[in-house]
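# An overview of the molecular structure
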Amino acid sequence: MDKAMRVREICDSFRELCSVPYNESLQSYKNDGGLIIGVLYNQVPEEILTAAGILPVRIRAVGSQGTEASDARFTQVNCSLVKHFYDSAAKGRFDFIDGLVATNGCDHVRKLHENWTSVLKPAYSHLLCFPKRQGDDLQVTQLAKEIKKLKESIEAHFGVEITDEALREAIKLHNRTRELQCALYELRKGENPPITGAQMLAVMMAGTCMPREAYNAQLEELVALCQDVEGISDYKVRVVVYGGEIDSIDFFEAIESQGALIVADSLGGYGKRSADMQISLEGDLYTNLANAYLMERPAEPRLHGTRAARWEYLEKVAEEANADGFIQVFIPICDLWGYERVMFATEVEKKDLNCLVLDTEYIFTASGQTRTRVQAFVESITEGGR
Ligand code: SF4
């Protein structure tokens, strides 16, 4: 088969897996007796679950049709993401999971975890307290303790033992995933990126909803193929997408349909940032996990005192990808990314950068409006105006 065709085929198969909460790969894993834990957000050190022989699956309310079941449990100042997540859970769309692990990533997620646990009563539930700031050994030590608590809680509930050996193997497996994802990001910096931003989002999300060994095997093949394909040349501008837990491939496609090729990102949920760390195998593995998740991974807005570092990271990503502009995406009422917007606007003004700010509810429906706004943005760059 032609290499470009095979690239498309792998990306399409990843997209297919991301199109429903309980995909074929998960169904076959469950049919073979596998256990699955639903994970809320990317601060959860999934290596612990892998070491326990349990598959971590990131919760996404893809295909959600409404939020009626959430109306009694959330208020108008909760974001649409948590409402869709809860609604899907209440309607049984996540009944395939054997438990739930969340972090105190923001007050909305905490509320989601609280409601899900107290009302829907999953068989297993755990909340990992993630520090709110980077800084010193104290924070790393505290997070390492929290990770150990998660380990002990899983061992007690599922009757398994998480040995250091198993954890080491799990870390190697996850490190390999991150390494391959970074290799793909690296290839997208070139003049003719081998895959689109929408395809990359599918690649990143597929890694959170299928067994990891199989994912890594496909990713190995994809990276090898991408080194050897002609790549995309029919774009008008190169952009970096910046924002929170955006998981809509349709949204990215709407952006790219106007000639704005997404060549890099700094996203809270499924982007480059989650791949930009490697966990050391030397010394105490729990401290290494804590250190990587808290200190090494590029910071998100919830971590106090990291504003300068966040902007520096975004600029570096844009520069390396030779981007012409930024698109900031924002889910209304998300306070974390709402404050980030102010910081973003300040920097953009100071440096006179090309940028577009787009709002989207968690379930993306504003395709026409998005296309129109991106079209105008692209024209403002190509015609030299702003
Ligand atoms: S979108 Fe924002 S407010 Fe909603 S759960 Fe995520 S971080 Fe919290």
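As a reminder, the structure under discussion sits directly above these lines.
First, a word on what this report is: a plain description of the structure on this page.

In terms of helices and strands, the protein carries 15 helices and eight strands. Taken over C-alpha atoms, the radius of gyration comes to 20 Å for the protein, in line with the 21 Å a tight globule of 386 residues would show. Projected onto the principal axes, the alpha-carbon positions of the protein cover approximately 65 × 50 × 45 Å. Every one of the 386 residues in the protein was classed for burial, and the buried ones make up 56%. Counted over contacts in the protein with a minimum sequence separation of 6, partners at least 24 positions apart contribute 74%. In the protein, the 42 positive side-chain charges and the 58 negative ones have mean positions that sit 4 Å from each other.

Let's shift gears to the site of the ligand. The environment of the ligand is formed by Y41, C79, L81, V82, C106, H108, V109 and C334. Among the elements of the structure, α4 (80-90) and α5 (107-120) are those that each provide at least two residues to the shell around the ligand. Residues belonging to the shell around the ligand are distributed by class as follows: seven nonpolar, one polar and no charged.

Before going further, it helps to spend a moment on unusual backbone geometry. Unusually for a residue other than glycine, K121 sits at a positive phi of about 45 degrees. With respect to the secondary-structure elements, K121 resides in the loop between α5 and β4 (125-128). Phi at D352 is positive, roughly 55 degrees, even though this residue is not glycine. On the secondary structure map, D352 appears in the loop between α14 (335-351) and β8 (355-359). D352 sits in the exposed class, given a relative accessible area of 54%.

Before going further, it helps to examine the sheet that holds β4. Taken in spatial order, the four strands of this open sheet run β2-β1-β3-β4, and their pairing is parallel. The open sheet has two free edges, formed respectively by β2 (54-58) and β4, since each of these has just one partner strand. Strand-to-strand twist in this sheet, taken as the mean axis angle between neighbours without regard to direction, amounts to 25 degrees. In terms of strand pairing, strand β1 (residues 35-40) meets β2 through five bridges, oriented parallel. Considered in β2, the bridge of I37 is made with P56. Running at roughly 160 degrees to β4, α5 makes contact with β1, β3 (100-103) and β4 of the sheet.

What follows covers helix α12 (residues 285-296). Every buried residue of α12 is listed here: L285, Y286, N288, L289, A290, A292, Y293 and L294. Where α12 is buried, its residues contact α3 (47-51), α6 (137-158) and α7 (164-187).

Thresholds, definitions, all that
Residues numbered from 1 in each chain as written. Predicted model: local features only at pLDDT ≥ 70, side-chain atom pairs only at ≥ 80, totals over all residues. Heavy atoms only, no water. Helix = DSSP H or I, 4+ residues; strand = E, 2+ residues; numbered from the N terminus. Rg over C-alpha atoms; globule rule 2.2 N^0.38 Å. Buried < 20%, exposed > 50% of the residue type's maximum accessible area, 1.4 Å probe, protein only. Contact = heavy atoms within 4.5 Å. Lys, Arg positive; Asp, Glu negative; His and termini not counted. Charge placed at Lys NZ, Arg CZ, Asp CG, Glu CD. Near = heavy atom within 4 Å. Nonpolar A, V, L, I, M, F, W, Y, C, P; charged D, E, K, R; others polar. Pairing = 2+ DSSP bridges. Axes fitted to C-alpha atoms, helices over the stretch in contact; angles between N-to-C directions.

So yeah, pure geometry; function would need other evidence.
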